[in-house]
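Geometric and topological summary
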Amino acid sequence: MIVQDKTDSTASKYSAASELRDLRSLTYEEVSGILTGWGHKNYRTKQLLDWIYKKRVCSFDEMTDLSQELRAQLLDAFRMQSLECAQEQISQDGTVKFLWRLADGEFIESVLIPASIGQDGKRSNRHTLCVSTQVGCAYGCKFCASGIMGYRRNLEIFEIVDQVLSVERWKHAQLLESSEHSEHTLPNGQALVNNLVIMGMGEPLANYLNLTKALQILNAPWGLNIGARKITVSTSGLVPEIRRLAEEPQQYHLAISLHGATDDVRSQIMPVNRKYPLAQLIDACEAYQKAKGRMIWIEYILIDQVNTGLEQAHALVGLAKRLQCKVNLIPYNPVGELEWKRPSDRTVAQFRDSLHRNGVRVTVRMEKGQDIDAACGQLRLKTEQKNKLAI
Ligand code: SAH
Ligand code: SF4
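Residues numbered from 1 in each chain as written. Chains lettered and ligands numbered in written order. Predicted model: local features only at pLDDT ≥ 70, side-chain atom pairs only at ≥ 80, totals over all residues. Heavy atoms only, no water.

1. Things to note about the packing of helix H5 (residues 157–178) against helix H6 (residues 208–219)
The geometry of H5 relative to H6 is characterised by a closest axis approach of 8 Å and an angle of 40° between their N-to-C directions. Looking at the two axes, H5 sits oblique to H6. Crossing of H5 over H6 shows right-handed handedness. Contact residues: Ile157, Ile160, Val161 and Val164 in H5; Asn210, Leu211, Lys213, Ala214, Ile217 and Leu218 in H6. Class assignment of the residues belonging to the contact of H5 with H6 gives a composition of eight nonpolar, one polar and one charged. (Axes fitted to C-alpha atoms, helices over the stretch in contact; angles between N-to-C directions. Helix = DSSP H or I, 4+ residues; strand = E, 2+ residues; numbered from the N terminus. Parallel < 35°, antiparallel > 145°, perpendicular 65-115°, else oblique. Left-handed = near helix turned anticlockwise from the far one by under 90°. Contact = heavy atoms within 4.5 Å. Nonpolar A, V, L, I, M, F, W, Y, C, P; charged D, E, K, R; others polar.)

Right, here's the structure in full:
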């Protein structure tokens, strides 16, 4: 593991967050309305957005084909403050975990999961970024580091979008260091990140408006151009928002963090189940599938002796068959002071086999980045604890 700690404990320069809006929170139509309102030709919109999303510059000064007048207007009206990388951890398997410091001094995380070797023995071209949507989380799931720290705030639209842009810039800087690539683009103009999972810190559907607008920007051809089918939103099960997402035109993929297949077990692990019990959740999932014609995934963390019993496996078979969905089993990654344990390989295999025998498509996701703090919220939790100790 390689760790680069860039933490500046003083952090005073971040205290005065600018009141100005960030351009990366706006859609094409909004930017176009502003520029034409200032009397500029509409083609300037594309030029400006290309600087942001294709050439990925971080300041108005670098937008050299925009007039001085327009650059001065932009500087007066908007800010472009990029996330600051406080720490980066590179795992032996190539997974990279980024800890970002926000303008107000809060920390969030993103994880870059590199291409892996497929069953055909070929390396896939898929580069997945796991993105955060909140600082902390209010939902308090017992297994989760983000939940342990509690909720601080929603991320702004640009803070979600800039996680992807910052990783692109990081990769670009690496390439420039290692070779003579052109000044502003990756080889053949491609972006690195082509798959997004909204599974980082926070409950994405609790930050619904900022999430959906950020996803529009990430998906748009003028933005980061990541196909909606390559974007997976993971939720702990906010029923009204699942139904609302079903009505959006984009075909986002939905993953449900289930982790318990009966109400009593699920409520023990995830307090949200008391508000939206399984019957309501599964109905909403069906509605989503019907609206999108797309398969849902169930995520199921295996916690030893908490949700690994055969009665859970049977109940899970019933739910998975009703939804005709795939199940992803994830051996629990211990966090915090909880006594819960990761099950043995044998228990994992037994649970998997009992699903498989009953005709459920099931995979066991071995967490990447085992040697770094790659589970949701872990790196931030450690950093905050370290900072508290330092005070
Ligand atoms: N709030 C959303 C998205 C973020 S958490 C949700 O709950 O779906 C998403 C996922 O992170 C969890 O479902 C789980 O797959 C993973 N995760 C979090 N803590 C984990 C842990 N301690 N061990 C293994 N996986 C974990
Ligand atoms: Fe929040 Fe998801 Fe963690 Fe639950 S699992 S506390 S919803 S981030």
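2. Things to note about the site of ligand 2
Surveying the vicinity of ligand 2 reveals the residues Cys137, Tyr139, Gly140, Cys141, Phe143, Cys144, Gly147, Gly202, Glu203 and Ser236. Classifying every residue of the shell around ligand 2 by side-chain character gives five nonpolar, four polar and one charged. (Near = heavy atom within 4 Å.)

3. With respect to the site of ligand 1
Around ligand 1, 18 residues are found, and the nearest of them are Phe143, Gly202, Ser234, Ser257 and Asn333. Take Thr235: an N or O atom from its main chain is 3.4 Å from an oxygen atom of ligand 1. Contacts to ligand 1 include His259, whose side-chain N or O atom sits 3.2 Å from an oxygen atom. Starting from 540 Å² of accessible surface for ligand 1 in isolation, the protein chains cover 95%. (Polar contact = N/O pair within 3.5 Å; in protein donor to acceptor, adjacent residues only side chain to side chain. Areas by Shrake-Rupley, 256 points an atom, 1.4 Å probe, with all protein chains shown as cover.)

4. Some details on the environment of Leu205
Along the chain, Leu205 turns up in the loop between strand S10 (195–198) and H6. For Leu205, a relative accessible area of 1% gives the class buried. With 35 residues separating them in the primary sequence, Leu205 and Pro240 have C-alpha atoms 9.3 Å apart. In this view, Leu205 contacts Leu211, Val233, Thr235, Leu238, Glu241, Ile242 and Leu245; residues no more than four positions away in its chain are not counted. (Buried < 20%, exposed > 50% of the residue type's maximum accessible area, 1.4 Å probe, protein only.)

5. Focus on the packing of aromatic side chains
On inspection of all chains with the given rule, the structure shows six aromatic pairs. With a centroid separation of 5.3 Å and an interplanar angle of 25°, the aromatic rings of Tyr300 and Phe351 are classed as stacked. Here the residue Tyr300 occupies a position in strand S13 (residues 297–302), and Phe351 occupies one in helix H12 (residues 345–357), the gap between them amounting to 51 residues. The burial state of Tyr300 is the same as that of Phe351; both residues are buried. One aromatic cluster in this structure is built from Tyr28, Tyr53 and Trp222. (Phe/Tyr/Trp six-rings, centres within 6.5 Å; stacked < 30°, edge-to-face > 60°.)

6. Quick look at the side chain of Glu168
Mapped onto the elements, Glu168 comes out in helix H5. Among buried Asp, Glu, Lys and Arg side chains, Glu168 stands out as unpaired, with Arg56 the closest opposite charge at 4.3 Å. Side-chain polar atoms of Glu168 contact the backbone nitrogen of Val193, separated by 2.9 Å. (Lys, Arg positive; Asp, Glu negative; His and termini not counted. Salt bridge = Lys/Arg side-chain N within 4 Å of Asp/Glu carboxyl O.)

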